[in-house]
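Commentary on secondary and tertiary structure
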Amino acid sequence: MDEEHTAGYREPCAQCSAVDWGLSDEGRFYCRSCHNVIERTKEVVETTFTPGSTRISTISRGARTKRTERGRQWMICEGFQFILRHQADALLRLGVAPHFKDDVLCQLWRLYLQRSRLAYTHHPVRSSKFKVRGPDSDSDSAAESSAMSASETDGETNLSSTAGSNAESSSDWSQCSGSVDASSYLSARLRRNRGLMSMKKTLALIHLALVWSREALTLSDLLRLVNEGHVPYVNAYEELPDEMKLEGKDALIFRVESVPSHRAVHKEAEALILFLQLPAFPPISRQSLLHPALLSLRYLTDANLPDELHLWVCRLMERAGMADQTLHTFDHSACPVLPRYDVQTAALIIITMKLIFGLDDHTEWDLSNQTGDQDNTGAMFNLRRWYRLLQAALTRAQQRRDCDIARKQWKGDKPLFQNRADKCNVMKKKRIAEQVQICFEKLSSRPAGVERVAPSSFRFCWGDEDGADGPSLHQKKLDGVLTLKGDVLTPSNATYWHPALRRCDYQKCKSHYSEVEPTLPRSFVWLLQLFCFLLDVEAAYLYEEVLRVERRIVRKKKPKRKRMTRTKTRTRAETRTSRGGREPGETR
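Residues numbered from 1 in each chain as written. Predicted model: local features only at pLDDT ≥ 70, side-chain atom pairs only at ≥ 80, totals over all residues. Heavy atoms only, no water.

For the rest of this paragraph, the subject is the overall build of the protein. When helices and strands are counted, the protein shows 20 helices and nine strands. Taking the contacts inside the protein whose residues are at least 6 apart along the sequence as the reference set, 72% of them involve residues at least 24 apart. (Helix = DSSP H or I, 4+ residues; strand = E, 2+ residues; numbered from the N terminus. Contact = heavy atoms within 4.5 Å.)

This is the structure we're talking about:
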């Protein structure tokens, strides 16, 4: 076929002087001997529909107008809507009830769009008429979209600014961003005044929908599913349709480099409640899996503590006045603060352990020695044995977690870049990273990514089966640490210590945990860190919740508070004096 088009050209090649020409796929002549490409191109004859008229066009070298890829104008809230849908679908696949998505989350999302004046309102902040941009459309066709700007104060339409902002948004869309309103999401004032959506707020909205649905997923469970990759978050933008191009400023909005903390998401959830002006939530009764009465069973099982301890947790909960469902149901009048169900339940278990075992670096080991002397069948719960078992399992689990964090791939398959000039550098770094990753895989004989494990509500597995973290202690008895007084079982430990319970102004001062941590008993600090690992929260965060629950308990005996404080101070001083390097697990 090439000879038909090159037969009329008999000029010798300037490089090798050969006369053997071929035709490339682009229609250009090249020398088959030395593969030199010349400027001569193939002549193409194109006939039109008019009889007798022909036109000869030449495929020539020169500047051409680059046709844009297929896409459409879109708004940032559309991107977040796609991400929320995929997050909800992931939770449905994990067993969440179907009404969570359609009846709860969709209604909350519509309410958010209405409150932020992005949709479902007569005075929207901005509304765009989307038009699909085909491969034959030029950049001017994007300016055909109409936008309407509303005043922040009186809601009147400013027609003169509409045209200017319309053209500006089209220009920004084609050059600086894939969306039409990315610049407004990068303004701190607009994000604060209009409550604009962010990736962190998607998790907060999911959490509110789960609480409203009374699902057995706490906030710590949700964040763990996000960390393990079962719920899309880090690279959730990859789920967006191909026609929604992420470019420029969009990278600053949808790019995620870390998973937010429990405190940060809970704070965002409380801010969303005020912004959406939500009514009272459905009641969290004692039969709900979010109530501490049932949630504590799960945490006791995960910590390999005896089942009999659950009775004492419930007694303490009633003693603190926390059994009432009104304290666990958000209501602007009765309970204006969104409860931290998981952290609050862990605090109740820690205080119950302090009440029964002392946890002052002395009492717990004395009780363990007494239990060892009394137990001839191995049916009693021994705190020393439990500590050694949990410490070994905790060390292994922390090492696995640190290894998974180090091997986690934070960069997605579709990298984001802020401008087109950085695209070449970003893609080059991605190729280099992939080559280095392949080298490490060959050296370590292990895949570079984190192995996907099946989702679970428990951190540990206790029992006799293969792969268990150790033997189960759930059936052990607490007879060694309880005494019968007047036909009533009471703890053998007669003292209870607590730090200073004065309230602080949280707007002026932060947590004092780092200051008091060196003075706290090591066994108490270790138990605090154990539940921090189970919930993946900070130690100071859980310590503050322990103080809140203890204030409720001590408040019941308000006239005796001063005398209790003196007893507590004397006991803590004695502990500091006689500790002498005693660590948890040391035998006497």
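On we go.
Of the two faces of strand S2 (residues 28-31), only the one carrying Phe29 and Cys31 is buried; Arg28 and Tyr30 on the other face are not. Sheet topology places strand S1 (residues 21-23) next to S2; three bridges connect them, and they run antiparallel. Looking at the pairing, Leu23 lines up with Phe29 of S2. (Buried < 20%, exposed > 50% of the residue type's maximum accessible area, 1.4 Å probe, protein only. Pairing = 2+ DSSP bridges.)

The next thing to look at is the packing of aromatic side chains. Tallying each qualifying case throughout the model produces 16 aromatic pairs. When the centroid spacing of 6.0 Å and the interplanar angle of 50° are considered together, the rings of Tyr112 and Phe275 count as tilted. Note that Tyr112 is positioned in helix H3 (residues 99-115) and Phe275 in helix H10 (residues 262-276), a separation of 163 residues in sequence. Taking the relative accessible area as the measure of exposure, Phe275 reaches 22% and is therefore partly exposed. On the numbers, 5.5 Å between centres and 90° between planes, the contact of Trp386 with Trp526 is edge-to-face. In this pair, Trp386 is assigned in helix H15 (residues 383-407) and Trp526 in helix H18 (residues 522-535), connecting sequence segments 140 residues apart. A residue is classified by how much of its surface remains accessible, and Trp526, at 10% relative accessible area, is buried. Each member of the aromatic cluster is reached from another via a ring pair, and the members are Phe357, Trp365, Phe381, Trp386, Tyr387 and Trp526. Directly above the aromatic system of Trp497 lies the positively charged group of Lys354, at a separation of 4.0 Å from the ring centroid. (Phe/Tyr/Trp six-rings, centres within 6.5 Å; stacked < 30°, edge-to-face > 60°. Lys NZ or Arg CZ within 6 Å of the ring centre and 35° of its normal.)

Taken as a whole and assessed by the stated rule, the structure comprises 13 salt bridges. Close ionic contact of Arg224 with Asp221 constitutes a salt bridge, the shortest N to O distance being 3.5 Å. Residue Arg224 and its partner Asp221 are located together in helix H8 (residues 219-227), separated by three residues, close to a single helical turn. Relative accessible area serves as the criterion here: at 9%, Arg224 is assigned to the buried category. A salt bridge links Glu550 to Lys354, with the shortest nitrogen-to-oxygen separation between them at 2.6 Å. One end of the pair, Glu550, is in helix H19 (residues 539-555); the other, Lys354, is in helix H13 (residues 341-357), and 196 residues separate them in sequence. (Salt bridge = Lys/Arg side-chain N within 4 Å of Asp/Glu carboxyl O.)

On to the nonpolar core, then. Residues Leu91, Phe254, Met353, Trp386 and Phe531 are the most contacted members of the largest nonpolar core, which totals 131 residues. Once you skip the residues sitting within four places of it in the chain, Trp386 turns out to touch Ala303, Asn304, Leu305, Met353, Phe381, Leu473, Trp526, Leu527 and Leu530. Counting seven residues, the second largest nonpolar core, distinct from the first, contains Tyr9, Leu23, Cys31 and Ile38. (Core = buried A, V, L, I, M, F, W, Y, C linked by side-chain atoms within 4.5 Å.)

Residue position: His230 is located in the loop between H8 and helix H9 (250-254). For His230, a relative accessible area of 12% gives the class buried. Looking at His230, its side chain comes within polar contact range of the side chain of Glu228, at 3.3 Å. (Polar contact = N/O pair within 3.5 Å; in protein donor to acceptor, adjacent residues only side chain to side chain.)

Inspection of the sheet shows strand S8 (residues 482-485) paired to strand S9 (residues 488-491) by four bridges, in the antiparallel sense. By the bridge assignment for S9, Lys485 is matched with Val488.

Taken over all residues, the pLDDT of the protein has a mean of 78, while the share at 70 or more is 76%. Every residue in residues 45-68 scores below 50 in pLDDT, and together they form 25 contacts with partners more than four places removed in sequence or on other chains. Low confidence marks residues 559-583, where pLDDT is under 50. Its contacts with residues over four positions away, or in another chain, come to 29 contacts. (pLDDT = per-residue confidence, 0-100.)

What follows deals with a nonpolar patch on the surface. A cluster of nonpolar residues, Ile432, Val436, Phe440 and Leu443, forms a patch on the protein surface that exposes about 430 Å² of accessible area. Given a relative accessible area of 43%, Ile432 falls into the partly exposed group. (Patch = residues over 30% accessible without salt bridge, like charges linked within 9 Å, V, L, I, M, F, W, Y side chains within 5 Å. Areas by Shrake-Rupley, 256 points an atom, 1.4 Å probe, with all protein chains shown as cover.)

Looking now at H15. A rise of 1.5 Å per residue sets the reference length of H15, with its 25 residues, at 36 Å; its end C-alpha atoms lie 36 Å apart and thus fit the reference within 8%. For H15, the full list of buried residues reads Leu383, Arg384, Trp386, Tyr387, Leu389, Leu390, Ala393, Leu394, Ala397 and Arg407. Of the surrounding elements, those touching the buried residues of H15 are H13, helix H14 (363-374) and H18. Looking at where H15 begins, the residue whose side-chain oxygen comes 2.9 Å from the main-chain nitrogen of Arg384 is Asn382. (Expected span 1.5 Å × (residues − 1).)

Viewed as axis vectors pointing N to C, helix H11 (residues 292-302) and H13 meet at an angle of 70°, and their least axial separation amounts to 9 Å. One finds that H11 runs roughly perpendicular with respect to H13. Across from Pro292, Leu295, Ser296, Tyr299 and Leu300 in H11, the residues of H13 making contact are Tyr341, Asp342, Gln344, Thr345, Ala346, Leu348 and Ile349. Broken down by class, the residue content of the contact of H11 with H13 amounts to eight nonpolar, three polar and one charged. (Axes fitted to C-alpha atoms, helices over the stretch in contact; angles between N-to-C directions. Parallel < 35°, antiparallel > 145°, perpendicular 65-115°, else oblique. Nonpolar A, V, L, I, M, F, W, Y, C, P; charged D, E, K, R; others polar.)

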